[in-house]
Amino acid sequence: QVQLVESGGGLVQPGESLRLSCAASGSIFSINAMGWYRQAPGKQRELVAVITKDGSTTYADSVKGRFTISRDNAKNTVYLQMNGLKPEDTAVYSCNAKGVYYTYYGHLGDFNSWGQGTQVNVSS
């Protein structure tokens, strides 16, 4: 189907920045939406930001004005620029993509794929 590989997590101090990347590969026909979710210890997974194929974006209130999501449709890649990081941003960040792929028999099917997750730690 479709595989997602994330990169860019790490340990930073409050106020610093990180940029996450997520590249999709496989038998992709089209990707409708790509997004980032995060899950902190003891909490449920939450939406961080999502971007549609035409560039429309949605952000969680907690990251508006600090995070920016973007995508390169030619590379099937989505980015999350995180500025002004806070300790409460500490979480495992996972990439998600929804779209259409070529099945084994050459037909089209829907996919909803997740990356393996990348850890972001914000601490002084």
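Residues numbered from 1 in each chain as written. Predicted model: local features only at pLDDT ≥ 70, side-chain atom pairs only at ≥ 80, totals over all residues. Heavy atoms only, no water.

From N to C terminus, the protein includes zero helices and eleven strands. Helices and strands appear in the protein in the N-to-C order β-β-β-β-β-β-β-β-β-β-β. Since a compact globule built from 124 residues should have a radius of gyration of about 14 Å, the 15 Å found for the protein is in line with a globular shape. Principal axes of the C-alpha set define a box for the protein whose edges measure 50 × 25 × 20 Å. Relative to its 124 residues, the protein shows a buried fraction of 44%. In the protein, the share of contacts with a sequence separation of at least 24, taken over all contacts with a separation of at least 6, comes to 55%. When the accessible surface of the protein is totalled, it reaches about 6600 Å², and 48% of it is carbon and sulfur. (Helix = DSSP H or I, 4+ residues; strand = E, 2+ residues; numbered from the N terminus. Rg over C-alpha atoms; globule rule 2.2 N^0.38 Å. Buried < 20%, exposed > 50% of the residue type's maximum accessible area, 1.4 Å probe, protein only. Contact = heavy atoms within 4.5 Å. Areas by Shrake-Rupley, 256 points an atom, 1.4 Å probe, with all protein chains shown as cover.)

A cluster of nonpolar side chains, namely Phe 29, Tyr 102 and Leu 108, defines an oily patch on the protein surface of about 300 Å² accessible area. Within the secondary structure, Tyr 102 is located in strand β9 (residues 91-102). (Patch = residues over 30% accessible without salt bridge, like charges linked within 9 Å, V, L, I, M, F, W, Y side chains within 5 Å. Salt bridge = Lys/Arg side-chain N within 4 Å of Asp/Glu carboxyl O.)

Bringing the sheet that holds strand β1 (residues 2-7) into the picture now. With respect to topology, four strands assemble into an open sheet ordered β1-β3-β8-β7, the strand pairing being antiparallel. Of all strands in the sheet, those bounded by a partner on one side alone are β1 and β7 (67-72). Recorded for the sheet is a direction-independent mean angle of 15° between the axes of neighbouring strands. (Pairing = 2+ DSSP bridges. Axes fitted to C-alpha atoms, helices over the stretch in contact; angles between N-to-C directions.)

The side-chain alternation of β1 yields one buried face, formed by Val 2, Leu 4 and Glu 6, and one unburied face, formed by Gln 3, Val 5 and Ser 7. Where β1 meets strand β3 (residues 18-26), six bridges bridge the pair, whose relative direction is antiparallel. Looking across to β3, one finds that Leu 4 is bridged to Ala 24.

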